[in-house]
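What the coordinates show
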Amino acid sequence: MAFEGSCHCGAVAFRVDRDEPAEAISCNCSHCRRKGFLLAFVPAGALTVTRGEDALTDYYFNRHAIAHRFCATCGCQPFGRGKGPGGVEMAAVNLRCVPAIDLDGLTIRQVDGASA
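Quantities reported herein were computed from a predicted structural model and do not represent experimental measurements.

Details of the layout of surface pockets
As a volume, the largest pocket reaches approximately 810 Å³. Along the walls of the largest pocket sit 32 residues, with C27, F41, R63, A65 and I66 positioned nearest its centre. Mapped onto the lining of the largest pocket, the elements with two or more residues apiece are β3 (23–27), α1 (30–35), β4 (39–43), β7 (66–71), β8 (79–83), β9 (89–94) and β10 (107–111). For the lining of the largest pocket, the element with the most residues is β8, which contributes five residues. In terms of residue class, the lining of the largest pocket is made up of 17 nonpolar, 10 polar and five charged.

Okay, here's the thing in structure tokens:
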């Protein structure tokens, strides 16, 4: 079953053709820590922007390995795109941008991105 999300203002919307995740990653890198992301990684092809591709802007930092996509209107970052281990194209979905997901029901896995 698929799930959907959006930025805060609704200019950007997306669909993920996967079941809702039961687990999220909480990373302590300088970027994720400040924004409070709860992330789920999915194959790049599973994520489709359904509205607002033209409203998205990219932010890169550190090794410039991930395109942190955010809405140019509201600044919300619903997802990012990059390569996972082994060079596989991935999308990192910010589960805080998916209203249907019960965030309190997720198993949260801590990742030490600050030391990477």
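Notes on the sheet that holds strand β1 (residues 3–6)
Strand order in the open sheet formed by three strands is β1-β2-β5, with antiparallel pairing between adjacent strands. Of all strands in the sheet, those with a lone pairing partner are β1 and β5 (47–51), marking the two edges. With strand direction ignored, the average angle separating the axes of adjacent strands in the sheet is 25°. Of the strand pairs in this sheet, β1 and strand β2 (residues 13–16) are connected by four bridges, and their pairing is antiparallel. Among the inter-strand pairings, E4 is bridged to a residue of β2, identified as R15.

Quick notes on the packing of aromatic side chains
With the rule as written, the count across this model stands at two aromatic pairs. Each ring, one from F14 and one from F79, has its centre 5.8 Å from the other, and the planes form 70°; the classification is edge-to-face. Pair noted here: F14 is in strand β2 and F79 is in strand β8, with a separation of 65 residues, a long-range link. Relative accessible area serves as the criterion here: at 1%, F79 is assigned to the buried category. For the ring pair Y59 and F61, a centre distance of 6.0 Å and an interplane angle of 15° mean the geometry is stacked. Relative accessible area serves as the criterion here: at 38%, Y59 is assigned to the partly exposed category.

Focus on the pairing of β3
The buried count for β3 comes to four of five residues, which makes it a mostly enclosed element. Here β3 pairs with β10 via five bridges, running parallel. Its bridge partner being in β10, I25 is matched across the sheet by R109.

Here's the deal with the nonpolar core
Ranked by internal contacts, the top residues of the largest apolar core, which has 22 residues, are F14, V16, V93 and L95. Elements with a contribution of two residues or more to this core: β2, β4 and β9. Once you skip the residues sitting within four places of it in the chain, V16 turns out to touch A2, F3, V42, A46, L47 and V93. One finds C29, C32, L39 and A92 within the second-largest nonpolar core, a separate group that totals six residues.

What counts and how
Counting starts from 1 at the beginning of each chain's written sequence and moves along it residue by residue. A pLDDT threshold of at least 70 governs which residues receive local features in this predicted model, and a stricter bar of 80 or more applies before side-chain atom pairs are shown or counted, although totals over entire chains, interfaces and linings include all residues. Hydrogens and water are ignored here; the side-chain numbers use all heavy atoms of the structure. A cavity, in this analysis, means grid points on a 1 Å lattice covering only the protein atoms where a 1.4 Å probe fits yet has no way out; a pocket is instead an open set bounded by protein on both sides within 12 Å along at least five of seven lines, and a residue lines either one if it has an atom within 4 Å of a point. Grid points are joined across faces, edges and corners, and a volume is the space filled by probe spheres set on the points. Helix and strand assignments come from DSSP, with helices taken as H or I runs of at least 4 residues and strands as E runs of at least 2, each series counted from the N terminus. Three classes are used: nonpolar for Ala, Val, Leu, Ile, Met, Phe, Trp, Tyr, Cys and Pro, charged for Asp, Glu, Lys and Arg, and polar for all others, with Gly counted as polar. Two strands qualify as a pair provided that DSSP identifies no fewer than 2 bridges between them. In this analysis an axis means a line fitted to C-alpha atoms, helices contributing only their contacting stretch, and an angle means the value between N-to-C directions, from 0 to 180 degrees. Pairing of aromatic side chains here covers Phe, Tyr and the six-membered ring of Trp, requires ring centres within 6.5 Å, and sorts the geometry by plane angle: under 30 degrees stacked, over 60 edge-to-face, intermediate tilted. Here the term buried applies to any residue with accessible area under 20% of the maximum for its type, exposed to any over 50%, and partly exposed to those in between, with areas from a 1.4 Å probe on protein chains only. Residues belong to one nonpolar core when they are buried, are Ala, Val, Leu, Ile, Met, Phe, Trp, Tyr or Cys, and are joined through side-chain atoms within 4.5 Å. Contact definition: two residues touch when any of their heavy atoms are within 4.5 Å.

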